[in-house]
Amino acid sequence: MAGRVAFIGIGRMGWPMARRLVEAGFDVAVHDAVPGRAADFAARHGGVAAADAAAAAKDAAFAVTILPTSREVEAVAAAIAPVLPPDAVVIEMSSGEPSATRAIAASLAQAGIAMVDAPVSGGVARAETGQLAIMTGGDPAVLERAAPLLNAMGTSIMRCGDIGAGHAMKALNNLVSAAGFLVSVEALLIGSRFGLDPAVMVDVLNASTGMNNSTQKKLKQFVLSRGFDSGFGLDLMVKDLSIALQVGRETATPAPLSAQTRELWAAAAALLGPGQDHTAAAKLSEALSGAELSSPQVSRKG
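Residues numbered from 1 in each chain as written. Predicted model: local features only at pLDDT ≥ 70, side-chain atom pairs only at ≥ 80, totals over all residues. Heavy atoms only, no water.

## Here's the deal with the packing of helix α8 (residues 165–194) against helix α12 (residues 234–250)
(1) Moving on: Two elements in contact, α8 and α12, have axes whose closest approach is 8 Å; the angle formed by their N-to-C orientations is 115°. By the angle between their directions, the pair α8 and α12 is classed as roughly perpendicular. With respect to the hand of their crossing, α8 and α12 are arranged in left-handed fashion. Contacts between α8 and α12 pair K170, A171, L172, N174, L175 and A178 from the former with M237, D240, L241, I243 and A244 from the latter.
(2) Moving on: Considered class by class, the residues forming the contact of α8 with α12 number 8 nonpolar, 1 polar and 2 charged. (Axes fitted to C-alpha atoms, helices over the stretch in contact; angles between N-to-C directions. Helix = DSSP H or I, 4+ residues; strand = E, 2+ residues; numbered from the N terminus. Parallel < 35°, antiparallel > 145°, perpendicular 65-115°, else oblique. Left-handed = near helix turned anticlockwise from the far one by under 90°. Contact = heavy atoms within 4.5 Å. Nonpolar A, V, L, I, M, F, W, Y, C, P; charged D, E, K, R; others polar.)

## Considerations on the pattern of salt bridges
(1) Moving on: Inspection of the entire model under this criterion finds 10 salt bridges.
(2) Moving on: R19 serves as the salt-bridge partner of E23, at 2.8 Å between the closest nitrogen and oxygen. Here E23 pairs with R19, and both are found in helix α1 (residues 14–23), just 4 residues apart, close to one helical turn.
(3) Moving on: The partner of R262 in a salt bridge is E263, and the shortest N-O contact between them spans 3.0 Å.
(4) Moving on: Exposure remark for R262: the relative accessible area of 24% places this residue in the partly exposed category.
(5) Moving on: In the salt-bridge network here, residues are joined through shared partners; they are R226, E286, E292 and R300. (Salt bridge = Lys/Arg side-chain N within 4 Å of Asp/Glu carboxyl O. Buried < 20%, exposed > 50% of the residue type's maximum accessible area, 1.4 Å probe, protein only.)

## A word on the packing of aromatic side chains
(1) Moving on: Per the counting criterion, the structure on display carries 2 aromatic pairs.
(2) Moving on: Ring centres of W15 and F41 lie 5.1 Å apart, and the angle between their planes is 80°; on these two criteria the pair is classed as edge-to-face. Residue W15 is located in helix α1, and its partner F41 is located in helix α2 (residues 37–45); the two are separated by 26 residues in the primary sequence.
(3) Moving on: Under the relative-accessibility criterion, W15 is labelled buried at 11%.
(4) Moving on: Ring centres 5.6 Å apart and planes at 45° place the aromatic pair F181 and W265 in the tilted group. One end of the pair, F181, is in helix α8; the other, W265, is in helix α13 (residues 256–272), and 84 residues separate them in sequence. Comparing F181 with W265, the two get one shared label, buried. (Phe/Tyr/Trp six-rings, centres within 6.5 Å; stacked < 30°, edge-to-face > 60°.)

So, in structure tokens, the structure goes:
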């Protein structure tokens, strides 16, 4: 078994991911910015609660970070670098900015500390079961060292390239997912006005070429049910889309449809306010059409 693991950031995604490491037999020290959260985790699942990021990372072989933005990752990296041994590996699993990730990795390298990026897809449900898709970037030899941890948290570990490549791929994945969601909702609204049952439309799409992640896992489950409770925040989707557009700008890639997709999601966030699930973005399309999606085949939650 690898040496001690510092897990920094046990929010909605980080909590079940850290639990998977504990259950796999790793010696895990956890820390979170929310007071008492690390102690609560340790009481429920084991491991050690650390007072701060540096305490969690002291002499750790691996440090896992899953934090809101690259700014927090940069601050944590600066705090833990002095206490990590020179051969330690930082596994950055946030949805970060590729250019910032590369800068953080370069700074850590000066202290002899390796870093890989390994953002995830699959949501809380797949984090709970250890079935996440993990997109990785970094030196293949370092990724091989990190493999036992990644395999405890995910079932699809995909190498995407050098450091930052995982974060770029994660943002671009969410760009494709976000565009698919909005056009799927618009199609349901058009069909509903025509007289089609939206639930029947979803079934047809899933048996046809219009099938996508939203038709399979979101429209009935969270939109037609009016639950809007998938577990992934609307603000996080806007952040990821902004990162995707940033990568587009940095690579001088014209992306007009991507830009429009990001603006529509940002408009939904502005319309609905903070704390919304990303599937609630359907309400923007509903507001524009003056109609609400429903189906007699799908029970409303609540």
